[in-house]
Amino acid sequence: PVAASARDLTKVYGTGEAEVRALDGVTVDLFTGEFTAVMGPSGSGKSTLMHCLAALDTPTAGEAVVGGSSLGTLKDKQLTRLRREQIGFVFQAFNLVPTLTAQENILLPLDLAGRKPDPAWFDQVVDAVGMRSRLGHKPTELSGGQQQRAACARALVSRPAIVFADEPTGNLDSTSSAEVLGFLRRSVDELGQTIVMVTHDPVAASYTDRVLFLADGRIVEEMRRPDRDSIL
Ligand code: ADP
Ligand code: ADP
């Protein structure tokens, strides 16, 4: 099954002389239970692709589909709901709320949506991310790796169809990066999560099943790990 797809996705910023074609006809399927990396030079359109697929930005042409819904056909209210229920985000800067504990941060998306966590799923995510003993701590009392792991748990807590991670290890040392990447990998292998990660780091990309290379707003190359083909 396909968790999300881009169909001839095009995004143009500005007009005339100032026109920038950030995406130039990108077509790709992101498969359920697959961990995909998006790589490419700065300015190649990686963030724009993620933002269009995550309903944070509107394409100029083409179609983004998430969980079977074509985003262009949804009303604002439906888009808000889809973002809350079907999409998880992990950012380079963690973006935890400083006054809340790790547990409160992890549960925040559900609280905002007025939903209760599925206790079994919450336990699985917290254990997989190795945050059980740190749940009562505020972000300042956590290491960078622990903060990012809490942010990963927050992204997964609503059991989204797809998680978008924008350079999740960009602010971490190699030990913390390995913790976060190991968690993302296990969440794919053991919890069946679908993840798309923008990264500049070949080590981070080595944890994934598939790497898409962008240049000038197009997918110019794609690699798949042969030993992980069997999961599809
Ligand atoms: P990447 O994530 O690969 O660095 P981006 O998707 O951020 O690339 O940007 C692709 C291109 O679109 C770049 O040339 C960038 O300058 C341009 N761009 C991105 N966002 C905007 C914006 N809001 N307004 C104008 N140009 C933008
Ligand atoms: P564990 O499963 O023992 O907790 P880790 O958290 O280190 O191990 O890693 C989780 C998963 O990430 C591993 O099962 C493995 O598939 C993958 N993995 C670990 N290290 C790497 C690496 N350097 N490159 C690619 N994949 C890795």
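Residues numbered from 1 in each chain as written. Chains lettered and ligands numbered in written order. Predicted model: local features only at pLDDT ≥ 70, side-chain atom pairs only at ≥ 80, totals over all residues. Heavy atoms only, no water.

- Labelled according to an unreviewed UniProt entry, the protein chain appears under the name ABC transporter ATP-binding protein, originating from Nocardioides aestuarii.

**Considerations on the overall build of the protein chain**
Here is step 1: If you tally the helices and strands in the protein chain, you get seven helices and ten strands.
Here is step 2: Relative to a compact globule of 232 residues, whose C-alpha radius of gyration would be 17 Å, the protein chain shows 17 Å and is just as compact.
Here is step 3: The dimensions of the protein chain, computed from C-alpha atoms along their principal axes, are 55 × 40 × 35 Å.
Here is step 4: Looking at the protein chain as a whole, 49% of its 232 residues qualify as buried.
Here is step 5: Considering only residue pairs separated by 6 or more positions, the protein chain has 70% of its internal contacts joining residues 24 or more positions apart. (Helix = DSSP H or I, 4+ residues; strand = E, 2+ residues; numbered from the N terminus. Rg over C-alpha atoms; globule rule 2.2 N^0.38 Å. Buried < 20%, exposed > 50% of the residue type's maximum accessible area, 1.4 Å probe, protein only. Contact = heavy atoms within 4.5 Å.)

**Some points on the pairing of strand S4 (residues 61-66)**
Here is step 1: Note that strand S1 (residues 2-13) and S4 share five bridges and pair antiparallel. Counted as the bridge partner of Arg-7 is Glu-63 from S4.
Here is step 2: Here S4 pairs with strand S5 (residues 69-70) via two bridges, running antiparallel. Within S5, the residue paired with Val-66 across the bridge is Ser-69.
Here is step 3: From the end of S4 to the start of S5, which pair antiparallel, there are two residues, and Gly-67 there has a positive phi angle of about 55 degrees. (Pairing = 2+ DSSP bridges.)

**A short note on the site of ligand 1**
Here is step 1: With respect to spatial proximity, the complete set of residues near ligand 1 consists of Tyr-13, Val-20, Ala-22, Pro-41, Ser-42, Gly-43, Ser-44, Gly-45, Lys-46, Ser-47 and Thr-48.
Here is step 2: A distance of 3.1 Å is found between an oxygen atom of ligand 1 and a backbone nitrogen or oxygen belonging to Ser-44.
Here is step 3: Thr-48 is positioned with one of its side-chain polar atoms (N or O) 2.5 Å from an oxygen atom of ligand 1.
Here is step 4: Here ligand 1, which alone exposes 560 Å², has 58% of that area covered by the protein.
Here is step 5: For the shell around ligand 1, the element with the most residues is helix H1 (residues 46-53), which contributes three residues. (Near = heavy atom within 4 Å. Polar contact = N/O pair within 3.5 Å; in protein donor to acceptor, adjacent residues only side chain to side chain. Areas by Shrake-Rupley, 256 points an atom, 1.4 Å probe, with all protein chains shown as cover.)

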